[in-house]
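Close look at the chain arrangement
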Amino acid sequence: MCSLQALCSGLPLRPLPENRGRRAGVPHAPVRTPGLSPREEQLALKNALRYFPPGRPGGAGPRVRPGAAALRPHLHVPLLPRPGDEGLPAVAQFPQELVTYGGNGQVFSNWAQFWLTMSYLAQMTEEQTLAMYSGHPLGLFPSSPEAPRLVITNGMVIPNYSSRTDYEKLFAVGVTMYGQMTAGSYCYIGPQGIVHGTVLTVLNAGRRYLGLQDLAGKVFVTSGLGGMSGAQAKAAVIVGCIGVIAEVDGAALMKRHRQGWLMEVTDSLDHCIGRLREARKRKEVLSLGYHGNVVDLWERLVHELDTTGELLVDLGSDQTSCHNPFNGGYYPVQLSFAEAQSLMASDPTAFKGLVQESLRRHVSAINRLARERFFFWDYGNAFLLEAQRAGADVGKPSANRTEFRYPSYVQHIMGDIFSQGFGPFRWVCTSGDPQDLAVTDRLATSALEEIVAAGVTPAVKLQYVDNIRWIREAAKHQLVVGSQARILYSDQKGRVAIALAFNQAIARGELKAPVVLSRDHHDVSGTDSPFRETSNIYDGSAFCAGWPPGSGRPRSLSADMAVQNFVGDAIRGATWVALHNGGGVGWGEVINGGFGLVLDGTEDAERKARRVLSWDVANGVARRCWSGSPTAYEVICQTMREDSGMVVTLPHAVADECVLQALRL
């Protein structure tokens, strides 16, 4: 374990630590094969070695150059060994390669960037801001105490060069990075980060599709336990259903089992089906991890239906990293995990073909089950998008190319929550003390209860009731992996009230240290993505391929909301801000941003919290209002009544179809 002094002392060059290669016992990212030309490979090495001084400082010079040869299989990622933080593997998906979650969501591009950034943070003053370019610390620049301490951008490339192929090369030569969402913005809190959203999704799916409040004995089948997707097992238990989650990587599956996020594991389909039947009959609460490919599981469920007439699954989704399907985000059913990793590196073209064939089989099985009383939704991981590109039967009649036969969970399950201003708010207790987290849970509960007591609409009250139940029960579910953090869906009023309660508790010493506020980028205002966060915005800002009426509603492809959010948070006092290309759905498919705000018990922190949190929610509600959401219209009007400083342009209803038809003629 490195000391804080060592972490903040810059690049460890005297002497250069020994490069011991890939560390055994922790998961590793697949070997990348970006297909660089010899000239491009030399450029990648030159960009990597630019972090190191030439010559022989302290005898380190000869050890830098041989290390360059070891970069070829993984290009610029290793460079220097990581510090000895033994807790990191419990949180990160591929810790040595700096992949936090999602298969390729990085916090830095290489460990040299990590060491330099830590050094800059240690010497930074309130008159400086650190500029971060896709993991690269550009440096400290004069600013002011009101300015963010860090401004982070990831993947900001010229739009015409934002294809997946372009990304692979740009990343390989070391000039850009895929920050996912909270990975590259330093806001990741482990799988807890989406467990509340997953709970709400499964709970509301049961209400919408099955007409049930109680999901006892109902079966939810999905896949993925590696990073954020690890939340699915815990969510199934919290809502009281039977969750069966497939995972091809045994190490990832067993990590979730050891952490208590997964109750049982099996590598036998026969045992899996038998255990599922038993749990249904007894209405057990169960999270069962199947070590195998989810396509095999889906096809076995089809076999059971066709041979016995028994439908064993009620709800289904998928959380494989399909935004990155050909580099480890999706494993084809035809190969074992080891075989797939080998072919991925040796013959990427053949591997891609098998992935697409597997996706077609995957969808075929789901389609068969969906002819019965089974309901599937897309979790915004690009599963249906990549299945469509593979030629799978996911099309929706009379729809444009951004709509599929199965809805995005934002469209059917979570969308109205965003219009109401509710989204995944979160905080971290910097003391690292579980007692501080318990205090924040209590303060947050009280703040929400006071808002309900003061009077809210029935629809908003329903959200508050769900969220109060969540925060009351959060501690008993043992959600913490890594930082002492909490996730809680809340609206603008709730977030501000919680922030002020925390800040006052810090001032009076009830909390031992500052608290950092943040949120998932997947939020009311943080992300523009036509396949997820803004999939239910139908104002034509996407494109006109969906018109004339009847051919589908075009979704929003504009990214003004996310960019404005990034800038707006910065000028209102956020401690750091981040803006990313990609995240969730994939590179070139989404623009998203996030922030961090430190509460230290001062009046200045309270003022910043009011400004940042109000804008951070109201921006997205106003955007949804303008697109025609009646819920967002109602919410933003109420917000304006409560805040005279807010004046939002409100839309007028266009109800006369005759006028529209006449104008078309």
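So, how was this worked out
- Residues numbered from 1 in each chain as written.
- Predicted model: local features only at pLDDT ≥ 70, side-chain atom pairs only at ≥ 80, totals over all residues.
- Heavy atoms only, no water.
- Buried < 20%, exposed > 50% of the residue type's maximum accessible area, 1.4 Å probe, protein only.
- Helix = DSSP H or I, 4+ residues; strand = E, 2+ residues; numbered from the N terminus.
- Pairing = 2+ DSSP bridges.
- Right-handed = clockwise from strand over helix to strand, strands pointing away.
- Core = buried A, V, L, I, M, F, W, Y, C linked by side-chain atoms within 4.5 Å.
- Contact = heavy atoms within 4.5 Å.
- Axes fitted to C-alpha atoms, helices over the stretch in contact; angles between N-to-C directions.
- Left-handed = near helix turned anticlockwise from the far one by under 90°.
- Nonpolar A, V, L, I, M, F, W, Y, C, P; charged D, E, K, R; others polar.
- Parallel < 35°, antiparallel > 145°, perpendicular 65-115°, else oblique.

**Some points on the pairing of strand E9 (residues 286-291)**
Most of E9 sits inside the fold, with 5 of its 6 residues counted as buried. When strand E8 (residues 264-266) meets E9, the two strands line up parallel, connected through 3 bridges. Residue pairing across strands places Val265 opposite Gly289, the latter belonging to E9. Viewed along the sheet, the connection from E8 through helix H10 (residues 269-282) into E9 turns out right-handed.

**Focus on the nonpolar core**
In this structure, Val195, Trp377, Trp427, Trp470, Ile498, Phe502 and Leu517 are the most contacted members of the largest nonpolar core, which totals 92 residues. Apart from residues lying up to four places away in sequence, Val195 is in contact with Ala231, Lys234, Ala235, Ile238, Trp261, Trp470, Leu479 and Ile487. The next biggest cluster of nonpolar side chains, apart from the first, holds 52 residues, and it includes Ala246, Ile273, Leu286 and Val585.

**A closer look at the packing of helix H11 (residues 294-308) against helix H14 (residues 348-370)**
Direction vectors running N to C along H11 and H14 enclose 35°, while the axes themselves pass 9 Å from each other. At the point where H11 passes H14, the crossing takes the left-handed sense. For the pair H11 and H14, the contacting residues are Val294, Val295, Trp298, Glu299, Leu301, Val302, Leu305 and Asp306 in the first and Ser358, Arg361, His362, Ala365, Ile366, Arg368 and Leu369 in the second. Partitioning the contact of H11 with H14 into residue classes produces 9 nonpolar, 2 polar and 4 charged.

**Some points on the packing of helix H21 (residues 603-626) against helix H22 (residues 630-642)**
Remark: H21 packs on H22, axes separated minimally by 7 Å, with the N-to-C direction vectors making an angle of 130°. Judged on the interaxial angle alone, H22 and H21 are oblique. As for how H21 packs across H22, the hand of that crossing is left-handed. Contacts between H21 and H22 involve Ala618, Val621, Ala622, Arg624 and Cys625 from the first element and Ala632, Tyr633, Val635 and Ile636 from the second. Split into classes, the residues belonging to the contact of H21 with H22 amount to 8 nonpolar, no polar and 1 charged.

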